[in-house]
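Listed below, chain by chain, are the residues.
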Amino acid sequence: MTSYPQAPRRTGVPREVIRWLQSLDLSFCPKNFRRDLCNGYIAAEIFFWYYPEDITLHSYENGTSLATKLSNWSQLEKFLLKRSLNISKELIDGTMHCKPGAAELILQDIYVMLTNKRIKTVQDNEVDFTDWYYQEGLPMVARSTATKSVKSNITLSEILAEPDLNINKQKIQALMELHVQHRQQERILDPKRFNVKPTMGERAIRLPPSCEQTEDEDNLSKRSSSSTSSTSDIRSKTSVQFKEIKVKQADRSFVLSNVSSLASSLS
């Protein structure tokens, strides 16, 4: 049986943050950050080491139910508001509903917030809390369809926590628009697979201008510049005088009489 080397796992958290977590003597050291940070218990323990007078650990429960998650994070939000610590609601919801990259990002924000240290993040791309970066590593045949991407990126706990139909419709619409954008990028990167035919502009052969053509254009530009300069010189001279020429015109009465007689004869 052929054995394939296992790809190294990337947690998305820098080493200094992991060493900082190990130094706090928590009840357990998180290994799967998306799973272990979703209920907010580890975050409460971290804040307890820095603000023991504001955090009461016995009011937090280390459970996996949606009610436990909502209770823990609501208490943490009140604490953050009291201490004027800024963590976005979107990041908290993404961590609670196990969105890709949310737990790693909120852990880095907590580290910077509590230690006043700057870290070099290992996030290569902008986090949008979807599985697109995982889908990008797959071949195009194995990537999710529109319905599959909606099912993968909207969890059941997210729907139960926010049962409003209008909000869920907006989330689905945003995922569909993102899916269409990714499909358009795929068509641009691999036009042969999608049988995309080149346009008439792309088919047209664009040759660089020849040397003779460039010389003719230069001569025309020089002539036009010289003519404009000569006319401007003439207009700028005040000594030039223009003489009005009067032209005598023939008498029109004879022509009009002939036209009227011709019209009467024809009638």
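Residue indices begin from 1 for each chain and proceed along its sequence in written order. Note on the predicted model: pLDDT of at least 70 is required for a residue's local features to be given, and 80 or more for side-chain atom pairs to be given and counted; whole-chain, interface and lining totals, by contrast, use all residues. In computing side-chain properties, one takes all heavy atoms of the structure into account and sets aside hydrogens as well as water.

A. Fine view of helix H4 (residues 66-83). For H4, which comprises 18 residues, the first-to-last C-alpha distance of 26 Å matches the rise-based estimate of 26 Å (1.5 Å per residue) to within 8%. Type-normalised accessible area, obtained with a 1.4 Å probe on protein chains alone, sets the label of each residue: buried when under 20%, exposed when over 50%, and partly exposed for intermediate values. Per the convention used, a helix needs a DSSP run of H or I reaching at least four residues, while a strand needs a run of E reaching at least two, with both numbered from the N terminus. Within H4 the residues assigned to the buried category are Thr68, Lys69, Asn72, Trp73, Leu76, Phe79 and Leu80. For H4, the arc enclosing every buried residue in end-on projection is 115°, short of the 170-degree limit, so these residues lie on one face. For H4, exposure combined with an orientation more than 90 degrees from the buried face picks out Ala67, Lys78, Leu81 and Lys82. Against helix H3 (41-50), helix H5 (89-96) and helix H6 (102-115) lie the buried residues of H4. Trailing H4 by a residue or two, Ser84 shows a phi angle of about 60°, which is positive. Every helix has an expected span of 1.5 Å times one less than the residues it contains. Arc definition: directions from the helix axis to the C-beta atoms. Here a residue-residue contact requires only that any non-hydrogen atoms of the pair lie within 4.5 Å.

B. Representation of the packing of aromatic side chains within the structure. Pairing of aromatic rings covers Phe, Tyr and Trp, the last through its six-membered ring, and needs centres within 6.5 Å; plane angles under 30 degrees mean stacked, over 60 mean edge-to-face, and all others mean tilted. Within the structure shown, the criterion is met by four aromatic pairs. Taken together, the ring pairs connect Trp20, Tyr50 and Tyr111 into an aromatic cluster.

C. Quick peek at the side chain of Lys99. Position of Lys99 among the secondary structure elements: in the loop between H5 and H6. A polar contact of 2.9 Å, which involves the side chain of Lys99, links it to the side chain of Glu158. The residues touching Lys99, leaving out its near neighbours within four places in the chain, are Arg34, Gly94, Phe129, Asn153, Ile154 and Glu158. Identification of polar contacts relies on pairs of N or O atoms within 3.5 Å, with a donor-acceptor requirement for protein atoms, meaning one able to donate a hydrogen and the other able to accept it, and with residues adjacent in sequence counted only if both atoms are side-chain atoms.

D. The pattern of salt bridges, seen in detail. Definition used for salt bridges: Asp or Glu carboxyl oxygen within 4 Å of a side-chain nitrogen of Lys or Arg. Taken as a whole, this structure holds 10 salt bridges when the rule is applied. Two residues, Glu186 and Arg183, come together in a salt bridge whose shortest N-O distance is 2.8 Å. Of this pair, Glu186 and Arg183 both sit in helix H10 (residues 165-189), three residues apart, roughly one helical turn. Taking relative accessible area as the criterion, Glu186 reaches 4% and is therefore assigned buried. When salt bridges that share partners are traced, they join Glu53, Asp54, Lys82 and Arg83 into one network.

E. Representation of the nonpolar core within the structure. Residue types Ala, Val, Leu, Ile, Met, Phe, Trp, Tyr and Cys, when buried and joined through side-chain atoms within 4.5 Å, form a set referred to as a nonpolar core. Counting 35 residues, the largest nonpolar core has Trp20, Ile46, Phe47, Ile87, Leu107 and Ile110 as the members making the most contacts within it. Per-element accounting of this core gives the leading share, eight residues, to H6. With residues up to four places along the chain from it excluded, the contact list for Phe47 reads Ile55, Leu76, Phe79, Leu80, Leu85, Ile87, Ile110 and Leu114.

F. Spotlight on H10. Taking 1.5 Å as the rise per residue, H10 with 25 residues should run 36 Å; its terminal C-alpha atoms sit 36 Å apart, in good agreement. If you check which residues of H10 are buried, you get Asn168, Leu175, His179, His182 and Glu186. Among the structural elements, helix H7 (132-136), helix H8 (146-153) and helix H9 (156-161) are those in contact with the buried residues of H10. Measuring from the backbone nitrogen of Asn166 back to the side-chain oxygen at the start of H10 gives 3.3 Å, which picks out Asp164 as the cap.

G. Summary view of the packing of H8 against H10. It is at 10 Å that the axes of H8 and H10 come closest, and there the two elements cross at 130°. As far as their axial angle goes, H10 and H8 are oblique. As for the relative orientation of H8 and H10, their crossing is right-handed in sense. Here Ala146, Ser149, Val150 and Asn153 of H8 come into contact with H10, specifically with Ile172, Leu175, Met176 and His179. Working convention: axes come from line fits to C-alpha atoms, limited for helices to the stretch in contact. Angles between N-to-C directions cover 0 to 180 degrees. Roughly parallel covers angles under 35 degrees, roughly antiparallel covers those over 145, roughly perpendicular covers 65 to 115, and oblique covers all other angles. Each crossing gets its handedness from the near helix: less than a right angle anticlockwise from the far helix is left-handed, clockwise is right-handed.

H. Here's a closer look at the packing of helix H1 (residues 15-23) against H6. Two numbers describe how H1 lies on H6: the axes approach to 11 Å, and their chain directions differ by 70°. Judged on the interaxial angle alone, H6 and H1 are roughly perpendicular. Along the contact surface, H1 presents Glu16, Val17, Trp20 and Leu21, while H6 presents Leu107, Ile110, Tyr111, Leu114 and Thr115. Residue composition of the contact of H1 with H6, grouped by class: seven nonpolar, one polar and one charged. Only Asp, Glu, Lys and Arg are considered charged in this grouping, and only Ala, Val, Leu, Ile, Met, Phe, Trp, Tyr, Cys and Pro are considered nonpolar; every other residue, Gly among them, is considered polar.

I. Fine view of the confidence of the model for the protein. Counting all residues, the mean pLDDT for the protein is 78, and 69% of those residues have values of 70 or more. Scored between 0 and 100, pLDDT is the confidence that the predictor attaches to each residue. Throughout residues 1-11 the model reports pLDDT below 50, and contacts reaching past four residues in sequence, or to other chains, amount to five contacts.

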